[in-house]
Amino acid sequence: MRDAADRLGYLDEVLPLLFPPAGPGARQGVRSVLPHRLVPRRVVPRAWWHTALGRRLPVGGGTDTIETHLSDVLARRMRVVVHVRPARRANRKPILEAYDESGLAGFVKIGDSPRARRLVRYESEVLRMLAGRPLKVVVPPDVLYHGVWQGLEVLMLSPLPVASRRVPARLLTSAAREIAAIRPYDEETGPAERSGEAAAWHGDFTPWNVAAGADGRLLVWDWERFAVGVPLGFDALHHFFHRALRRMPPPVAARSCLAQAGGLLEPFGVDVALARRTAVHYLVALAERHRRDGHEPLGPPAVWLNPLVDHLEFLL
């Protein structure tokens, strides 16, 4: 119940931004929360059969909504489904499915806070950079539209044709290696790069942000945390750590990440000693990201991180 209340509370903040109210007495649009209000996941245009699932959800019926905006800029009639997002996330933002007459046309990210606007704008820049790269393994989405509407950052991305969520380990490694070699500004490779100490990483290379494509390549989305200048192997460690978090508490997952670092980074040509140092750097970098975001989803670092790294200061 608490999760549903959080989601619905955030939804009450989001819908007036996407569907601003019209003047007094104006007609309102009508939506439904599916599957029902106790398990809110999507807000969709109301259909007759939704009456069995819960009450109607009125939204603003003004002439300038996110649907009319997308319709104008894309020159075709668009309708959106709003994902009901968890409220307690540092990078929370409205995510929409956009449909035209032929079906799903794309996914839309809405920057509705200073942090979310920066992340959305930055992801647009990263994806445009990637569009000019001859990537052989990794398939990022295309930018279909990026602009500002009603003070909100709006980014529409192409849908990626998912073949399977089960990704072979070899494909994950190949993709992480290709991402690590990306140089956004085509700078020359220097000593740090040659030693693997200044690689690029996706930044959120998790099981839910990747999928196998039908052509054998890896579909990868959510590039808003992409960065350059990290040790080789951060993405592999991030993927392992977040898989581990599904099965074990953060302190145990962190210990497992350090213990498995040698095997995880062996395909990248990283020796065991360097792999352990890289794992410590990764975990510290993740804790620092959470601190900057003002949100600690794993709990205080004093609980899940410090007991592991305090006696490993020689690795830092």
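Note that residues are indexed from 1 along each chain, following the sequence as it is written. Local features in a predicted model are, by the rule used here, given only for residues with pLDDT of at least 70; side-chain atom pairs are given and counted only at 80 or more, and totals for whole chains, interfaces and linings are based on all residues. Values shown for side chains rest on all heavy atoms present in the structure; no hydrogens or waters enter the calculation.

Participant: Mind laying out the side chain of Glu-224, listing which residues take part and the relevant values?
Facilitator: Strands here are runs of E lasting at least two residues and helices are runs of H or I lasting at least four, both read from the DSSP assignment and numbered beginning at the N terminus. Relative to the assigned elements, Glu-224 resides in the loop between strand E13 (218-220) and strand E14 (227-230). For Glu-224, a relative accessible area of 7% gives the class buried. Any N or O atom pair separated by 3.5 Å or less is treated as a polar contact, with the protein-specific requirement of one donor-capable and one acceptor-capable atom, and with residues adjacent in sequence counted only for side-chain atom pairs. Looking at Glu-224, its side chain comes within polar contact range of the side chain of Lys-93, at 3.2 Å. We call a residue buried when its accessible area falls under 20% of the maximum for its residue type, exposed when it is over 50%, and partly exposed in between, using a 1.4 Å probe and counting protein chains only.

Participant: I'd like to hear about helix H8 (residues 272-293), residue by residue, with values.
Facilitator: Between the first and last C-alpha of H8 there are 31 Å, a value that for 22 residues agrees with the 32 Å anticipated at 1.5 Å per step. Contact between two residues is taken to exist if any of their heavy atoms lie within 4.5 Å; hydrogens are not considered. Along its buried surface, H8 packs onto helix H3 (114-131), strand E11 (199-201), helix H6 (234-244), helix H7 (250-265), helix H9 (301-304) and helix H10 (306-309). Gly-294 sits one or two residues past H8 and shows a positive phi near 75°. Expected span, for any helix, means 1.5 Å times one less than how many residues it has.

Participant: Break down the packing of H6 against H7 for me, with residues and values.
Facilitator: Comment: axis = line fitted to C-alpha atoms, over the contacting stretch for helices; angle = value between 0 and 180 degrees taken between N-to-C directions. One can describe the packing of H6 onto H7 by two numbers: an axis separation of 9 Å at closest approach and a directional angle of 140°. Put simply, H6 runs oblique to H7. At the point where H6 passes H7, the crossing takes the right-handed sense. When H6 is examined against H7, the residues Ala-236, Leu-237, Phe-240, Phe-241 and Ala-244 are found in contact with a partner set consisting of Pro-250, Ala-253, Ala-254, Ser-256, Cys-257, Gln-260, Ala-261, Leu-264 and Leu-265. Roughly parallel here means an angle under 35 degrees, roughly antiparallel means over 145, roughly perpendicular means 65 to 115, and every remaining angle is called oblique. Each helix crossing is assigned a hand: it is left-handed if the near helix lies turned anticlockwise from the far helix by less than a right angle, otherwise right-handed if that turn is clockwise.

Participant: Outline the packing of H7 against H8, supporting the account with residue identities and numerical values.
Facilitator: The N-to-C vectors of H7 and H8 enclose an angle of 140°; their axes lie 8 Å apart at closest approach. With respect to H8, the element H7 is oriented oblique. Judged by the sense of rotation from one axis to the other, the crossing of H7 with H8 is right-handed. In this structure, H7 uses Ala-254, Cys-257, Leu-258, Ala-261, Gly-262 and Leu-265 to contact H8, whose residues at the interface are Val-272, Ala-275, Arg-276, Thr-278, Ala-279, Val-280, Tyr-282 and Leu-283. Tallied by class, the residues present in the contact of H7 with H8 amount to 11 nonpolar, 2 polar and 1 charged. Residues are grouped as follows: Ala, Val, Leu, Ile, Met, Phe, Trp, Tyr, Cys and Pro are nonpolar; Asp, Glu, Lys and Arg are charged; every other residue, Gly included, is polar.

Participant: So, the packing of aromatic side chains: which residues are in play, and what are the values?
Facilitator: A pair of Phe, Tyr and Trp rings is counted when the ring centres sit within 6.5 Å of each other, with Trp represented by its six-membered ring. The angle between the planes then sorts it: under 30 degrees is stacked, over 60 is edge-to-face, the rest tilted. Here the structure, examined in full by the defined rule, presents 6 aromatic pairs. A ring pair is formed by Trp-201 and Tyr-282, whose centres lie 6.3 Å apart and whose planes are at 85°; its orientation type is edge-to-face. Of this pair, Trp-201 sits in strand E11 while Tyr-282 is found in helix H8, placing the two residues 81 residues apart along the sequence. Here Trp-201 and Tyr-282 have matching classes, each one buried. Counting every residue linked through ring pairs, the aromatic cluster contains Trp-201, Phe-234, Phe-241, Tyr-282 and Trp-304. The lysine or arginine in question, Arg-177, covers the ring of Phe-268, its NZ or CZ lying 5.6 Å from the ring centre. In this scheme, Lys NZ or Arg CZ marks a charge over a ring once it lies within 6 Å of the ring centre and within 35 degrees of the ring normal.

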